[in-house]
Amino acid sequence: MSRVEAAGEGTDEVSEASEPRWLSEREQRSWRAFVESSGGVIQLLDGLLKRDASITFDDYEVLVQLSEAEDRRMRMTDLSTRLLHSQSRVTQRIDRLECRGWVQREKSQADRRVTYAVLTDAGQEAIELAAPLHVGHVREHFLDLLDPEEVDVLGALLHRLLVHVRELRGEHPQH
């Protein structure tokens, strides 16, 4: 029996039980371009942040999350979820940032099992110094390569993916 016969008359769909839905050439090009370009841009930005601000992209993202949080603090578990990192990886990042005096840990008064990561004044200064450099690099290596309409389309597509991922993680999608 052919794939078309197995799936039903006049359709290219294949039964889930019989075979995976392989990517078409077009889909594969898009998927691979997404994987390589997103990873490549992050790797490039990481190198530029290290060079220009002595901070890694991942550490910068921790500081961003904390700087945007209420009272510049987040529960460690929430930070882990937001960054898509394991709790142990976030713990290592906070250890490193704590050594630099940019973050400190605080136990919750209400629940001693909860630990907060808190952005210090020195950490706020660090992100204020790094942010203009980072934004310049984001513009140069990402936004300026697109016209305004492409930025809007890409933003809408990536937002749809973000909502999906957050829903799968049990989060309520934001804006």
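All of these numbers come straight from a predicted model, not from anything done at the bench.

Engineer: How should I be thinking about the packing of aromatic side chains in this particular structure?
Structural biologist: In this description, an aromatic ring pair is defined by two values, namely the gap between the centres and the angle between the planes. Counted by the stated rule, this structure contains one aromatic pair. Each ring, one from tryptophan 31 and one from phenylalanine 34, has its centre 5.7 Å from the other, and the planes form 35°; the classification is tilted. Of this pair, tryptophan 31 and phenylalanine 34 both sit in helix α2 (residues 25–53), separated by three residues, roughly a single helical turn. A cation over an aromatic ring shows up here: arginine 73 above the ring of tyrosine 116, its NZ or CZ 5.3 Å from the ring centre.

Engineer: How do you make sense of the nonpolar core when you look at a structure like this?
Structural biologist: The tendency in soluble globular proteins is for nonpolar side chains to be buried as a group. Ranked by size, the top nonpolar core spans 24 residues in total, and within it Leu63, Leu66, Leu79, Ile94 and Val103 carry the most contacts. Where this core is concerned, the elements lending two or more residues are α2, α3 (57–68), α4 (76–83), α5 (87–99), β3 (115–119) and α6 (121–141). The greatest single-element share of this core, amounting to six residues, is contributed by α3. Excluding residues within four positions of it along the chain, valine 103 makes contact with Leu63, Leu66, Ile94, Leu97, Glu98, Ala117, Val118 and Thr120.

Engineer: For this particular structure, what's the right way to read unusual backbone geometry?
Structural biologist: Excluding glycine, residues mostly carry a negative phi; peptide bonds, for their part, are mostly trans. Located in the positive-phi region is serine 54, a residue other than glycine, with phi close to 55°. With respect to the secondary-structure elements, serine 54 resides in the loop between α2 and α3. Residue classification places serine 54 among the partly exposed residues on the basis of a relative accessible area of 47%. Its identity as a non-glycine residue notwithstanding, arginine 72 has a phi of 55°, on the positive side. Note on arginine 72: relative accessible area 23%, which makes it partly exposed.

Engineer: Looking at this structure, I do not really get the pattern of salt bridges. What am I missing?
Structural biologist: For side chains of opposite charge, pairing can occur when their charged atoms come near one another. A complete count under the given rule lists 13 salt bridges for this structure. Among the salt bridges present, the one from arginine 72 reaches aspartate 121, with a minimum N-O distance of 2.8 Å. On the criterion of sequence distance, the pair formed by arginine 72 in the loop between α3 and β1 (73–75) and aspartate 121 in helix α6 is long-range, its members being 49 residues apart. Overlapping salt bridges, with partners in common, bring together Asp58, Asp59, Arg89, Arg93 and Arg96 in one network.

Engineer: What is the right way to look at the confidence of the model for the protein in this model?
Structural biologist: Low-confidence regions, as indicated by low pLDDT, have predicted coordinates that should not be scrutinised in detail. Across the protein, the average pLDDT comes to 89, with 88% of residues at or above 70. Mean pLDDT across the secondary structure elements of the protein bottoms out at helix α1 (residues 3–7), with 41, and peaks at α6, with 97. Predicted confidence for residues 1–10 stays below pLDDT 50, and this span has 10 contacts to residues more than four positions away or in other chains.

Engineer: Can you help me understand the sheet that holds strand β2 (residues 103–107) in this one?
Structural biologist: Two orientations exist for strands paired in a sheet by backbone hydrogen bonds: parallel and antiparallel. Sheet architecture is open: three strands sit in the order β1-β3-β2, paired in antiparallel fashion. Of all strands in the sheet, those bounded by a partner on one side alone are β1 and β2. Mean inter-strand twist for the sheet, computed between neighbouring axes without regard to direction, equals 30°. Two strands pair when backbone bridges link them, and β2 and β3 are joined in this way by five bridges, in the antiparallel orientation. Following the sheet pairing, glutamine 104 is matched in β3 by valine 118. Contacts from α5 reach β2 and β3 within the one sheet, and its direction differs from that of β2 by about 120°.

Cut-off values and rules
Residues numbered from 1 in each chain as written. Predicted model: local features only at pLDDT ≥ 70, side-chain atom pairs only at ≥ 80, totals over all residues. Heavy atoms only, no water. Phe/Tyr/Trp six-rings, centres within 6.5 Å; stacked < 30°, edge-to-face > 60°. Helix = DSSP H or I, 4+ residues; strand = E, 2+ residues; numbered from the N terminus. Lys NZ or Arg CZ within 6 Å of the ring centre and 35° of its normal. Core = buried A, V, L, I, M, F, W, Y, C linked by side-chain atoms within 4.5 Å. Buried < 20%, exposed > 50% of the residue type's maximum accessible area, 1.4 Å probe, protein only. Contact = heavy atoms within 4.5 Å. Salt bridge = Lys/Arg side-chain N within 4 Å of Asp/Glu carboxyl O. pLDDT = per-residue confidence, 0-100. Pairing = 2+ DSSP bridges. Axes fitted to C-alpha atoms, helices over the stretch in contact; angles between N-to-C directions.

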